[in-house]
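Survey of secondary and tertiary structure
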Amino acid sequence: MSYISSVMEEVVKRNPNEPEFHQAVKEVLESLAPVMEKHPEFEKLGLLERLVEPERQIMFRVPWVDDNGKVQVNRGFRVQYNSAIGPYKGGLRFHPSVYLGIIKFLGFEQTFKNSLTGLPIGGAKGGSDFDPKGKSDEEVMRFCQSFMTELYRHIGPDTDVPAGDIGVGGREIGYLYGQYKKIRNAFEGVLTGKGPAWGGSLARTEATGYGLCYFVDEMIKAKGKSFKDATVVISGSGNVAVYATQKVQELGGKVVALSDSNGYIYDPNGINFDTVKRIKEVERKRIKEYVTAHPQAEYTEGSTGIWGIKCDIALPCATQNELDESSAQKLVDNGCWAVGEGANMPSTPEAIEVFLKNKVLFAPAKAANAGGVATSALEMSQNSMRYAWTFEEVDGKLKGIMADIYKKASAAAKEYGHEDNLVVGANIAGFLKVATAMLNQGII
């Protein structure tokens, strides 16, 4: 049995009933075969065995009182995955689907994503099975305060700096930070995604969606293509999808569809960004409300049908494994020539195989959606300096980082015999920096 196969077998054995974690680890390890051949010392030093095991896993109860005076109890998580290149960094996700396996998969992916940014940040992830949807602001506040009452002891500006993710936006970050500040009596850059008035970075809200488009733009420009006049389908309607919509339009493309967990909208005239922003950020309503303001648009129940819409470029920005093999085949059959992952692991392995086999330009999540964490690291830098850059300065740095990630992933793919396969390239480029740091720091 090969080294990689034996490590993968042990991962499945030691982490039962965690399919998302298994999937994430398998995808990375299979990409590393040519690296292991070139670096036999990695096996001798047990590098992969250490890499697939989180440095620390924290689970805790989160009791809170709802508006009816009833005590509710949720479960909280923080997986501090790897700190070889810097303090732990990664988002908090509040969603009913959250369990340890999801958090481990996200933390594992985050390690390599953060490495690719070139910034000194390690990988982590956290969250809770709490669902903020349908909750009042007061309920969300009480939950966040209870969550932070435990989490605060495990984080810090030079230890672990959480950010937002699904279900954790500016409101939640504000409540979490307020509780941290009260307990620690310290105004520190310990959370990113803060409000600009109290330590946040301009362009952070837009960063993941913008970064996705910057990466995809680099990828398609290398093949003589562009967003100009391209028809684009985007899944999701959260931060990533909304601001990817804005940036696609700025780059000359036309976004015709968005979705949420209930269904999707299709507007042949092009999605109106201002309407979507109002619905999602001001009114906090479902995407179906769009058709009220734009009657020419159509709303369809069920979100998977969105991939049947004819497009040139697809940007899955909702959640993990949303795009399966049959959906990928529909995109290919309808002439889609580029796919960029805005969510974490939104395409199944079978879907990715369809894209690569059909020569679809494919931008994997750990490279393409690194814009959010890159800007979070820029926020950390501004907090350390007690200084704030302009929106244009941050956006310029973000664009440069995403272009550099593309170059690194593309170069690694070519060097290790998989030219144009950015899945392999991103995995190898992200891995090598972490591996070098781990080797230099000894067996710890």
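Quick note: structure is the one above.
Residues numbered from 1 in each chain as written. Predicted model: local features only at pLDDT ≥ 70, side-chain atom pairs only at ≥ 80, totals over all residues. Heavy atoms only, no water.

1. With respect to a nonpolar patch on the surface
Defined as follows: A patch consists of residues whose relative accessible area exceeds 30% and which take part in no salt bridge; residues with like charges are grouped when within 9 Å of each other, and nonpolar side chains (Val, Leu, Ile, Met, Phe, Trp, Tyr) when within 5 Å. The method behind every accessible area is Shrake-Rupley, applied with a 1.4 Å probe, and residues are considered shielded solely by the protein chains displayed. For this analysis, a salt bridge means a side-chain nitrogen from Lys or Arg found within 4 Å of a carboxyl oxygen belonging to Asp or Glu. Only DSSP runs of H or I reaching four residues or more are called helices, and only runs of E reaching two or more are called strands; each is numbered from the N terminus. To sort residues, take the accessible area from a 1.4 Å probe on protein chains only and compare it with the maximum for the residue type: under 20% means buried, over 50% means exposed, and anything in between is partly exposed.
A cluster of nonpolar residues, V65, V71 and V73, forms a patch on the protein surface that exposes about 250 Å² of accessible area. Of note, V71 is situated in strand β2 (residues 71-82). For V71, a relative accessible area of 53% gives the class exposed.

2. As for the packing of aromatic side chains
Keep this limit in mind: Two rings from Phe, Tyr or Trp (for Trp, the six-membered ring) form a pair when their centres are within 6.5 Å of each other. A pair whose planes differ by under 30 degrees is stacked, one over 60 is edge-to-face, and the rest are tilted. Cation placement over rings: the criterion is NZ of Lys or CZ of Arg within 6 Å of the ring centroid and within 35° of the ring normal.
Scanning all chains against the criterion turns up 20 aromatic pairs. Aromatic pair F21 and F108: ring centres 6.3 Å apart, planes at 85 degrees, arrangement edge-to-face. One end of the pair, F21, is in helix α2 (residues 19-31); the other, F108, is in helix α6 (residues 100-116), and 87 residues separate them in sequence. On the basis of relative accessibility, which here comes to 0%, the residue F21 falls in the buried class. With a centroid separation of 5.7 Å and an interplanar angle of 20 degrees, the aromatic rings of F355 and F362 are classed as stacked. Here F355 matches F362 in class, with each residue buried. A network of ring pairs unites the aromatic residues F60, W64, F94, F130, F143 and F147 as a single cluster. The ring of F130 is capped by K135, whose NZ or CZ atom sits 5.2 Å from the centre of that ring.

3. Description of the packing of helix α16 (residues 371-385) against helix α17 (residues 391-415)
Helix packing geometry: the angle between the two helix axes and the distance between the axes. Our working definition: For helices, the axis comes from a line fit to the C-alpha atoms of the stretch in contact; other axes are also lines fit to C-alpha atoms, and the angle between any two N-to-C directions lies between 0 and 180 degrees. If an angle is under 35 degrees, it is roughly parallel; if it is over 145, roughly antiparallel; if it lies from 65 to 115, roughly perpendicular; otherwise it is oblique. Rotating anticlockwise by less than a right angle from the far helix to the near helix defines a left-handed crossing, while the corresponding clockwise rotation defines a right-handed one. Contacts were defined at the residue level, with two residues in contact if any of their heavy atoms lie within 4.5 Å. The nonpolar class holds Ala, Val, Leu, Ile, Met, Phe, Trp, Tyr, Cys and Pro. Asp, Glu, Lys and Arg form the charged class, and all remaining residues, Gly among them, are polar.
Closest axis-to-axis distance for the α16/α17 pair is 10 Å, and the angle between their directions is 130 degrees. Viewed along their axes, α16 and α17 adopt a mutual orientation that is oblique. Note that α16 runs across α17; the crossing there is right-handed. Of the residues in α17, those touching α16 at G371, A374, T375, L378 and Q382 are V394, K397, L398, I401 and M402. Residues of the contact of α16 with α17, tallied by class, amount to six nonpolar, three polar and one charged.

4. A word on the pairing of strand β1 (residues 56-65)
Each regular strand carries side chains that alternate between the two faces of the sheet. How we decide: For two strands to count as paired, DSSP must find a minimum of two bridges between them.
Here 10 bridges tie β1 to β2, and the two strands are oriented antiparallel to one another. Bridge pairing links V65 to V71 in β2. Where β1 hands over to β2, the hairpin turn is made up of five residues, of which G69 adopts a positive phi near 80 degrees.

5. Remarks on the packing of α2 against helix α18 (residues 422-440)
Two elements in contact, α2 and α18, have axes separated by 8 Å at closest approach and are oriented at 90 degrees. The orientation of α2 relative to α18 falls into the category roughly perpendicular. Facing α2, whose interface residues are E27, V28 and S31, α18 presents V423, V424, N427 and I428. Tallied by class, the residues present in the contact of α2 with α18 amount to four nonpolar, two polar and one charged.

6. Concerning the sheet that holds β1
In spatial order, the strands read β1-β2-β4-β3-β5; together these five strands make up an open sheet with mixed pairing. Both edges of this open sheet fall to β1 and β5 (160-164), since each of them pairs with a single strand only. Going across the sheet, the axis of each strand differs from the next one's by a mean of 20 degrees, ignoring polarity. Two elements, β2 and strand β4 (residues 122-128), share six bridges in a ladder whose sense is antiparallel. Along β4, the bridge assignment pairs N82 with G123.

7. A word on the sheet that holds strand β6 (residues 231-235)
Reading across from one edge, β9-β8-β7-β6-β10-β11-β12 is the order of the seven strands in this open sheet, with mixed pairing throughout. Edge positions in the sheet fall to β9 (298-301) and β12 (361-363), since each of these pairs with one other strand and no more. Ignoring strand direction, the axes of neighbouring strands in this sheet form an average angle of 15 degrees. Pairing between β6 and strand β7 (residues 254-259): three bridges, direction parallel. Considered in β7, the bridge of V232 is made with V255.

8. What to know about a negative patch on the surface
Rules: A residue counts as positive if it is Lys or Arg and as negative if it is Asp or Glu; His and the chain ends are not included. Note that the charge is assigned to NZ on lysines, CZ on arginines, CG on aspartates and CD on glutamates.
A surface patch of like charges, here negative, comprises E9, E10, E43 and E49. Mapping E43 onto the fold places it in helix α4 (residues 41-44). E43 sits in the partly exposed class, given a relative accessible area of 46%.

9. As for the state of the cysteines
Filter applied, for reference: Note on disulfides: each one is a pair of cysteine sulfur atoms within 2.5 Å.
Overall, the coordinates contain zero disulfides when judged by the stated rule. As a non-bridged cysteine, C336 has C311 as the owner of its nearest cysteine sulfur, 4.4 Å distant.

10. Regarding the pairing of strand β8 (residues 263-266)
Both β7 and β8 contribute to a ladder of three bridges, which runs antiparallel. Bridge assignment links A257 to a residue of β8, and that residue is Y266. As consecutive antiparallel partners, β7 and β8 are separated by three residues. In terms of strand pairing, β8 meets β9 through four bridges, oriented antiparallel. In the sheet register, G263 faces β9, and the bridge partner there is E301.

11. Quick notes on the environment of E188
Within the fold, E188 resides in the loop between α8 (170-184) and α9 (204-221). Taking the C-alpha atoms as reference points, E188 and V73, 115 residues apart in sequence, are found 29 Å from one another. Those residues in contact with E188 that lie beyond four places of it in its chain are P157, Y177 and Y180.

12. Comments concerning the nonpolar core
As a reminder, the rule being used: Among the buried residues, those of types Ala, Val, Leu, Ile, Met, Phe, Trp, Tyr and Cys that are joined through side-chain atoms within 4.5 Å form a nonpolar core.
Residues L32, L48 and F431 are the most contacted members of the largest nonpolar core, which totals 97 residues. The dominant element in this core, judged by the number of residues it contributes, is α18, at 10 residues. Look past the residues within four positions of L32 in its chain and what remains in contact with it is I4, L48, N427, I428 and F431. One finds A257, I306, W307 and I309 within the second-largest nonpolar core, a separate group that totals 22 residues.

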